[in-house]
Amino acid sequence: MREERTKSYLLLYVVVILTLGIFSLLLVLIKYRDVSIIGLVIFGILIFTSDNLNAPLPKTGSISVNFGISLASLIIFGPATGMLVTFISIFNIKEFIKRVPYYKHLFNAGQYLLSFAAASVFFEAFYDRSQTNFFYARNIWIIFLVTYIFFILNTSLTAGAISISTGMNILNIWVFNFAWIVPFQFFLSAMAIAIAFLYIRFSPFTLIFTSLPLIIAQYTYLLRVKERRTLLNSIMQIVKIMEAKDIYTAGHSMRVADYSELIARGLKLNEYDIEIVRNLASLHDIGKIQIDLSILNKMKKLSCKDWQEIKKHPIVSYEIVQQIDFLKEKATAILYHHERIDGTGYPFGKKGDEIPLFAKILCVADAYDAMSTNRPYRSGKSVGESIIELEKNKGTQFDEQVCDVMIEILKNKNAVPVTFSLGENEKS
Ligand SMILES: [Fe+2]
């Protein structure tokens with residue numbers, strides 16, 4: 001029922017944005033009329049080529065340098081040509097090959113046309129074309145301002161669509177997906193200025209020299225995002241191999257990652273932090289790779305010496321995760337995930353606020369998974385029994401607020417968007 005309603009809202013949103021996009025395209029063409037055929041051909045080819053090198057974003061969507069090219073054509077030839085160049089950029093072969101659903105194409109087309117039309121009307125109203133000095137200060141400011149007007153409109157409309165389909169907070173979506181590309185817009189403005197200046201003062205051939213850095217920059221972004229994904233995937237493979245050898249903890253890390261994400265959402269962290277918590281949780285026990293398998297798989301009671309070995313794993317995990325650039329800043333969450341609020345945990349006996357929030361989240365998620373899964377010597381606790389156990393250790397082992405969020409999640413487990421299976425009593 002809820003899914004049906006979401007689909008209807010999404011469809012309505014797509015139809016409204018697409019209609020506004022088509023109207024704005026027509027309005028700009030009727031109002032400004034003057035189209036440069038040469039400009040359209042040259043910039044059309046350029047934008048069509050560049051369009052197939054866009055970089056994926058962390059969660060969803062993508063970025064490209066298309067706007068830099070559209071903006072340059074707007075500066076040189078005016079809104080009508082700029083608008084038609086933008087229209088050409090809508091036809092992305094890669095998306096057709098990837099069989100991106102038609103409604104996504106239509107939405108992207110609509111929001112892109114709408115955002116560019118608004119930006120170009122603003123541009124034409126304030127840009128002084130009578131100036132012979134290309135670098136006239138007000139005009140340069142207008143170019144930068146228009147870039148950010150387009151960026152805010154474009155990304156907000158996209159965040160709106162993601163928010164309707166996922167139910168996530170629109171601001172969180174924007175911050176996680178788009179905040180990191182804010183500085184990139186400055187670069188797009190500068191490149192558009194360079195393209196326009198060289199084209200006007202010298203010749204269309206200068207486009208080859210100015211568009212090359214644009215395409216290289218785009219490709220660098222693409223590599224950076226891909227590199228991050230590849231690195232995480234490789235490390236997760238190591239975690240899986242490690243867990244496959246440990247008969248007690250198969251699938252443990254991924255479940256802890258799921259629970260940690262739920263808790264982080266319950267605590268209303270932003271999307272960026274939620275992603276970091278999730279990644280840290282999936283790597284929290286990677287240091288166990290250094291522990292002898294005879295200890296990890298021991299059927300009888302662990303000796304004091306065995307425990308000394310096991311207690312080293314948060315430090316080893318921390319040292320490994322320190323090598324991952326985008327996780328190292330919060331890697332203390334892993335170092336302290338076995339610390340307890342009352343100071344009786346390990347490896348350092350940290351207590352209370354000495355333990356960072358992310359570590360407190362990992363601690364509760366880790367403990368819940370341990371108590372709810374079966375072991376050869378005992379059955380896993382049911383959801384109800386786990387809640388009692390969490391309540392009992394609240395304020396001593398677990399942070400009260402984090403523990404309350406986990407208890408709430410368990411009590412409302414049917415209300416949780418389930419990519420997770422809570423309260424598993426089977427060994428996966
Ligand atoms: Fe651990």
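Residues numbered from 1 in each chain as written. Predicted model: local features only at pLDDT ≥ 70, side-chain atom pairs only at ≥ 80, totals over all residues.

### Some points on helix 4 (residues 79-89)
So, point 1. With 10 of its 11 residues buried, helix 4 lies for the most part within the structure.
So, point 2. Within the sequence span of helix 4, burial applies to Pro79, Ala80, Thr81, Gly82, Met83, Leu84, Val85, Thr86, Phe87 and Ser89. (Buried ≥ 20, exposed ≤ 12 C-beta atoms within 10 Å, placed from the backbone. Helix = DSSP H or I, 4+ residues; strand = E, 2+ residues; numbered from the N terminus.)

### Considering the packing of helix 12 (residues 271-282) against helix 17 (residues 357-372)
So, point 1. Between helix 12 and helix 17, the shortest axis-to-axis distance is 10 Å and the interhelical angle comes to 50 degrees. Overall, the two elements helix 12 and helix 17 adopt an arrangement that is oblique. Read as a crossing pair, helix 12 and helix 17 show a hand that is right-handed. Across the interface between the two elements, Val277, Leu280 and Ala281 from helix 12 touch Phe358, Ile361, Leu362 and Ala365 from helix 17.
So, point 2. In the contact of helix 12 with helix 17, the residues fall into 7 nonpolar, no polar and no charged. (Axes fitted to C-alpha atoms, helices over the stretch in contact; angles between N-to-C directions. Parallel < 35°, antiparallel > 145°, perpendicular 65-115°, else oblique. Left-handed = near helix turned anticlockwise from the far one by under 90°. Contact = placed C-beta atoms within 7 Å. Nonpolar A, V, L, I, M, F, W, Y, C, P; charged D, E, K, R; others polar.)

### Description of unusual backbone geometry
So, point 1. Across the junction of tyrosine 346 and proline 347, the peptide omega takes the value 10 degrees, indicating a cis bond.
So, point 2. Tracing the backbone shows proline 347 in the loop between helix 16 (332-335) and helix 17.
So, point 3. Backbone geometry at arginine 33 places phi at a positive 50 degrees, although glycine is not the residue there.
So, point 4. Considering the arrangement of structural elements, one finds arginine 33 in the loop between helix 1 (2-32) and helix 2 (37-50).
So, point 5. If you check the backbone angles, lysine 268 has positive phi at about 60 degrees while not being a glycine.
So, point 6. The class for lysine 268 is exposed, based on 11 C-beta atoms found within 10 Å.

### Brief notes about the nonpolar core
So, point 1. Counting 47 residues, the largest nonpolar core has Ala72, Ile75, Met83, Leu113, Ala192 and Ala196 as its most contacted members.
So, point 2. If you tally residues by element for this core, the top one is helix 6 (residues 102-126), at 9 residues.
So, point 3. Once residues lying within four places of it in the same chain are set aside, the contact partners of alanine 192 are Gly68, Leu71, Ala72, Ile75 and Ile143. (Core = buried A, V, L, I, M, F, W, Y, C linked by C-beta atoms within 7 Å.)

### Considerations on the environment of valine 364
So, point 1. Residue position: valine 364 is located in helix 17.
So, point 2. Sequence separation of valine 364 and isoleucine 263 is 101 residues, and the distance between their C-alpha atoms is 8.9 Å.
So, point 3. If we skip the residues at most four places from it in the chain, valine 364 touches Ile263, Phe398, Val402, Cys403 and Met406.

### Notes on the packing of helix 6 against helix 7 (residues 137-166)
So, point 1. Relative to each other, helix 6 and helix 7 sit at 155 degrees, their axes nearing to 9 Å. Compared by their axis directions, helix 6 and helix 7 come out roughly antiparallel. Helix 6 and helix 7 meet at a crossing whose hand is right-handed. Residues Phe107, Gln111, Tyr112, Ser115, Phe116, Ala118, Ala119, Phe122, Phe123 and Phe126 of helix 6 form the contact with helix 7, whose participating residues are Ile142, Val146, Ile149, Phe150, Leu153, Asn154, Leu157, Thr158 and Ala161.
So, point 2. Across the contact of helix 6 with helix 7, the residue classes tally to 15 nonpolar, 4 polar and no charged.

### Points about the environment of tyrosine 219
So, point 1. With respect to the element layout, tyrosine 219 can be found in helix 10 (residues 206-245).
So, point 2. Taking the number of C-beta atoms within 10 Å as the measure of exposure, tyrosine 219 has 13 and is therefore partly exposed.

### A few points about the confidence of the model for the chain
So, point 1. The share of residues in the chain with pLDDT of 70 or more is 85%, and the mean pLDDT across the chain is 83.
So, point 2. The model gives residues 414-428 a pLDDT under 50, and that stretch makes 26 contacts with residues more than four places away or in other chains. (pLDDT = per-residue confidence, 0-100.)

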